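# A look at the structure
Single-letter residue listing:
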Amino acid sequence: MIENTVMLLIIVPILFSLLFVALPKSLYKYLAWAFFIIGVALSVNLVLDGTGVVQIGEPNFAMFENIVLILEVLVILFILAVSAKYKNWPTLGLGIVSAALFAYTFTNVPGAEGASFNIDQFSQIMILIVNIVGTAIILFATGYMDEYEEHRHLHRQKTFYFTMSFFLAAMNGLVMADTLGWLFLFWELTTLCSFVLISYNMDEEGINNGFRALALNLVGGIALSIGIILLATKYEIITLSGIGTYAGTDAAAMAAVALPVALLCIGGFAKSAQMPFQSWLLGAMVAPTPVSALLHSSTMVNAGVFLVVKLVPAFAGSSLGTAIAVYGSFTFVMCSALALSQRNAKRVLAYSTIANLGLIIASAGIGTPLAVAAAIMLILFHAISKALLFLCTGEIEHTIGSRDIEDMSGLINKAPLLTTLAALGMVSMLLPPFGVLLTKWVSMEAASSNPVVIVFLILGSALTTVYYAKWLGTILSSSMDKNAVPHKKPETYFPLSFLGLAIVVTSIFVFSIYNYFIKPQVEILLKTAPVISGQAGQFTSEIGAFAYAAIFVVLALAVLIYLATKNMFTPRTSSYYMCGENNLEKDRLMFRNGLCSYEKSSVSNIYLQNTFGESKLTTLGYAISIILIVIALAGVGL
């Protein structure tokens, strides 16, 4: 029964969050394994249950509605209390505005007679991401957090696992709720969870970055709240699906709801850390790696793009849609450029996440069936690849004691399996036959009618290739330090291997995924299906076909040939000239320069700080992104 599965998807993570608090730390690994298995079973079961709307009517509705009201009050009280305690006045002010909007809603917005959960194919995809990728991240954490806390002298794992599990419950509710009031509660709960997790270290940097995340997401929450109030009071729309239904009646209806829809989109931009809101996600890097992985792949940021894609029927083909497409593509190219200048691996991944979410928003803004299909597919493939990359980065940091890309030279010799998985994650972000590249290809095809958007997408994709190829080359390069590092905990390497396998399997079955999930969802949103056809192993659109199965075969053959021949040849080494007199006796990397002093040679990548550095581009990015948002709002009559 779909009703039972929906409720279990919210209740079970809450139960596990309580178990993590109640049981001793020695049982956390078993709890995490159980959570992973149950999470997989429940999410798959929801897919097997099919699609449908779960109505919550009387007498249960009154009870649930009271719970929602109590939780909303508690969220606001927590924000006010913690802001006052740490004397963070901007956040306190935003909390007061949120409280005022809640009071206005409670007293002026007509009460609903029921609520509903809408389980469509998009919700099913999000549930699979949250409950499979999310629980795999929690399982990884059981092999990671002890060492993390030991270095920082922390003892807060009960708070960590409670919040991580509760986060999944809130995300499950968010992607299934159709009633806007309930969706808003789950939305705010994810904001609260992210604040607690980003502040996890409880040092000055962690607390400041936590408040930054809280403040910027409160800005988005306020925009979302005003949009919901306008929809309810002016147009009697109280469900997410109702927005599309109303706007789809005619052009006048679409224009009428443009302002509240734009406000909802701003809430989505803030949640998905689009410019100028991106600083909260960059600041979240101070949190433990599992938190970064969860925020970037299966929860927080995906909530924003989920909402924007769901709103496509309300702006497809309009000037608001064009503005959203330009805005998203600008974020894509700007953050790809910023990633190019970073040598901190987690910061590279953070900019990469923001950029790819920008690409998703650009695709949603384009609003054609082909573009919307690309947006939904990219959410799926990006979540899996980015979760793997973040977890690999955390494990690399534990292995070599650094997250600096330059320190990862020769990693293939020290940790071959870890390097292979990290390399798979990077390759999946930029090369065929993997899903992310396929969706980018489809996005570009869909954007071909808009010269500004297509140029931004091409530039952003080229920059993405550069910074990932640079990192990939570093970890696969050889170094003089070839001592392997024994560091293979099952609870650490199982999630990594599982995510690596998921990248390959979802890429192989991309057309089946498209047929089962994507095509029906696009038909629901836009009443027409994308012009994509083909069969397993081949993807065909209007401008040509992509035979990804053939590329998989070539890749498999290449790996087999390497394994069969790697011991047949002896590597040839030779001395090299280092622009001076070599000093091979003391150190093979030392040489005497023109001033007769000894120096150690070093080789590193180029980061182009003077061109793509944060000090060069961030202010420009803020200015242009704010202008684009203002133009979008001006276009709908604000």
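Residues numbered from 1 in each chain as written. Predicted model: local features only at pLDDT ≥ 70, side-chain atom pairs only at ≥ 80, totals over all residues. Heavy atoms only, no water.

Attention now moves to the overall build of the chain. Along the chain, the regular secondary structure elements total 27 helices and 8 strands. Taken against the 2.2 N^0.38 rule, which gives 26 Å for 638 residues, the C-alpha radius of gyration of the chain at 25 Å falls within 12% of a compact globule. Considered along the principal axes of its C-alpha atoms, the chain spans approximately 85 × 55 × 50 Å. Burial status across the chain gives 59% buried among its 638 residues. (Helix = DSSP H or I, 4+ residues; strand = E, 2+ residues; numbered from the N terminus. Rg over C-alpha atoms; globule rule 2.2 N^0.38 Å. Buried < 20%, exposed > 50% of the residue type's maximum accessible area, 1.4 Å probe, protein only.)

A separate point is helix α7 (residues 157-176). Relative to the 28 Å expected for 20 residues at 1.5 Å per residue, α7 spans 29 Å between its end C-alpha atoms, a close match to the ideal helical length. With 16 of 20 residues buried, α7 lies mostly within the body of the structure. (Expected span 1.5 Å × (residues − 1).)

All right, on to the pattern of salt bridges then. Per the stated rule, a full pass over the model turns up 6 salt bridges. Residue glutamate 491 is joined to lysine 29 by a salt bridge in which the shortest nitrogen-to-oxygen separation is 3.1 Å. In this pair, glutamate 491 is assigned in helix α23 (residues 490-508) and lysine 29 in helix α2 (residues 28-49), connecting sequence segments 462 residues apart. We classify glutamate 491 as buried; its relative accessible area is 8%. (Salt bridge = Lys/Arg side-chain N within 4 Å of Asp/Glu carboxyl O.)

Each pair of packed helices can be described by the angle between their axes along with the distance between the axes. It is at 9 Å that the axes of helix α5 (residues 121-141) and α7 come closest, and there the two elements cross at 175 degrees. One element, α5, and the other, α7, form an angle in the roughly antiparallel class. For the pair α5 and α7, the contacting residues are Ser123, Met126, Ile127, Val130, Asn131, Gly134, Thr135, Ile137, Ile138 and Ala141 in the first and Phe160, Tyr161, Met164, Ser165, Leu168, Met171, Asn172, Val175 and Met176 in the second. (Axes fitted to C-alpha atoms, helices over the stretch in contact; angles between N-to-C directions. Parallel < 35°, antiparallel > 145°, perpendicular 65-115°, else oblique. Contact = heavy atoms within 4.5 Å.)

Given two aromatic rings, their pairing is described by the distance between the two centres and the angle made by the two planes. By the definition in use, this model includes 28 aromatic pairs. Pairing phenylalanine 78 with phenylalanine 195 gives two aromatic rings, centres 6.3 Å apart and planes at 70 degrees, and the pair type is edge-to-face. Residue phenylalanine 78 is found in helix α3 (residues 60-85), and its partner phenylalanine 195 is found in helix α8 (residues 180-198); the two are separated by 117 residues along the sequence. A residue is classified by how much of its surface remains accessible, and phenylalanine 78, at 34% relative accessible area, is partly exposed. Here tyrosine 516 and phenylalanine 517 contribute two aromatic rings whose centre-to-centre distance is 4.8 Å and whose plane-to-plane angle is 75 degrees, an arrangement assigned as edge-to-face. For tyrosine 516, a relative accessible area of 47% puts it in the partly exposed group. Pairwise contacts between aromatic rings join Phe20, Tyr28, Phe160, Tyr161 and Tyr200 into one cluster. In this structure, arginine 152 packs its charged tip against the face of tyrosine 148, placed 3.8 Å from the ring centre. (Phe/Tyr/Trp six-rings, centres within 6.5 Å; stacked < 30°, edge-to-face > 60°. Lys NZ or Arg CZ within 6 Å of the ring centre and 35° of its normal.)

All right, on to the environment of proline 530 then. Its place among the elements puts proline 530 in the loop between α24 (510-526) and β3 (533-535). Linking proline 530 and isoleucine 627, residues 97 residues apart in sequence, is a C-alpha distance of 32 Å. Contacts of proline 530, omitting those with residues within four sequence positions, involve Pro369, Leu370, Ala373, Tyr514 and Val522.

As a further point, take the packing of α2 against α7. It is at 13 Å that the axes of α2 and α7 come closest, and there the two elements cross at 5 degrees. With respect to their mutual orientation, α2 and α7 come out roughly parallel. Residues Tyr28, Phe35 and Leu46 of α2 lie in contact with α7, whose contacting residues are Gln157, Lys158, Tyr161, Ser165, Leu168 and Met176. In terms of residue class, the contact of α2 with α7 is made up of 6 nonpolar, 2 polar and 1 charged. (Nonpolar A, V, L, I, M, F, W, Y, C, P; charged D, E, K, R; others polar.)

Attention shifts here to the nonpolar core. In this structure, Met176, Ile243, Val309, Trp471 and Phe539 are the most contacted members of the largest nonpolar core, which totals 225 residues. Every residue in contact with methionine 176, bar those within four places of it in the chain, is listed here: Val6, Leu9, Ile10, Leu46, Phe117, Asn118, Ile119 and Ile127. (Core = buried A, V, L, I, M, F, W, Y, C linked by side-chain atoms within 4.5 Å.)

Before going further, it helps to examine the environment of proline 433. Here proline 433 lies in the loop between α20 (416-430) and α21 (435-446). With relative accessibility at 0%, the residue proline 433 sits in the buried group. For the pair proline 433 and threonine 239, spaced 194 residues apart in sequence, the C-alpha separation works out to 39 Å. If we ignore the near neighbours within four places in the chain, the residues touching proline 433 are Leu438, Ser507, Tyr548, Ile551, Phe552 and Leu555.

With that out of the way, let us pick up unusual backbone geometry. With an omega of 10 degrees, the peptide bond running from methionine 275 to proline 276 counts as cis. Unusually for a residue other than glycine, alanine 273 sits at a positive phi of about 60 degrees. Phi angles above zero are rare outside glycine, and lysine 527 is one such case at about 65 degrees. With respect to the helices and strands, lysine 527 occurs in the loop between α24 and β3.

This part covers helix α18 (residues 369-400). The terminal C-alpha atoms of α18 lie 46 Å apart, and with 32 residues this matches the ideal 46 Å at 1.5 Å per residue to within 8%. Of all 32 residues that make up α18, 31 are buried, and the element is covered over most of its length. Where α18 terminates, the next one or two residues include glycine 401, which has phi positive at roughly 75 degrees.

Locating phenylalanine 102 in the fold gives a position in helix α4 (residues 89-108). Distance in space between the C-alpha atoms of phenylalanine 102 and threonine 190 is 17 Å, their sequence separation being 88 residues. Those residues in contact with phenylalanine 102 that lie beyond four places of it in its chain are Leu69, Glu72, Val73 and Ile76.

Counting buried positions along strand β2 (residues 115-119) yields 5 of 5 residues, so the element is predominantly enclosed. Taking every second residue as pointing to the same face, both faces of β2 are buried, with Ala115, Phe117 and Ile119 on one and Ser116 and Asn118 on the other. The pairing of strand β1 (residues 52-56) with β2 spans 5 bridges and is antiparallel. Its bridge partner lying in β2, glycine 52 is registered against isoleucine 119. (Pairing = 2+ DSSP bridges.)

Glancing now at a nonpolar patch on the surface. A surface patch of nonpolar side chains, about 410 Å² in accessible area, is lined by Ile11, Leu15, Leu18, Val21 and Phe162. Among the elements that take part in the nonpolar patch, helix α1 (residues 2-22) stands out by supplying 4 residues, more than any other. (Patch = residues over 30% accessible without salt bridge, like charges linked within 9 Å, V, L, I, M, F, W, Y side chains within 5 Å. Areas by Shrake-Rupley, 256 points an atom, 1.4 Å probe, with all protein chains shown as cover.)

The next subject is the side chain of serine 341. Here serine 341 is to be found in the loop between α16 (319-340) and α17 (345-366). The class of serine 341 is buried, set by a relative accessible area of 1%. Within the structure, the side chain of serine 341 is placed 3.1 Å from the side chain of glutamine 342, a separation counted as a polar contact. There is a polar contact of 3.0 Å between the side chain of serine 341 and the backbone oxygen of phenylalanine 612. (Polar contact = N/O pair within 3.5 Å; in protein donor to acceptor, adjacent residues only side chain to side chain.)

All we've got here are geometric facts, nothing functional implied.
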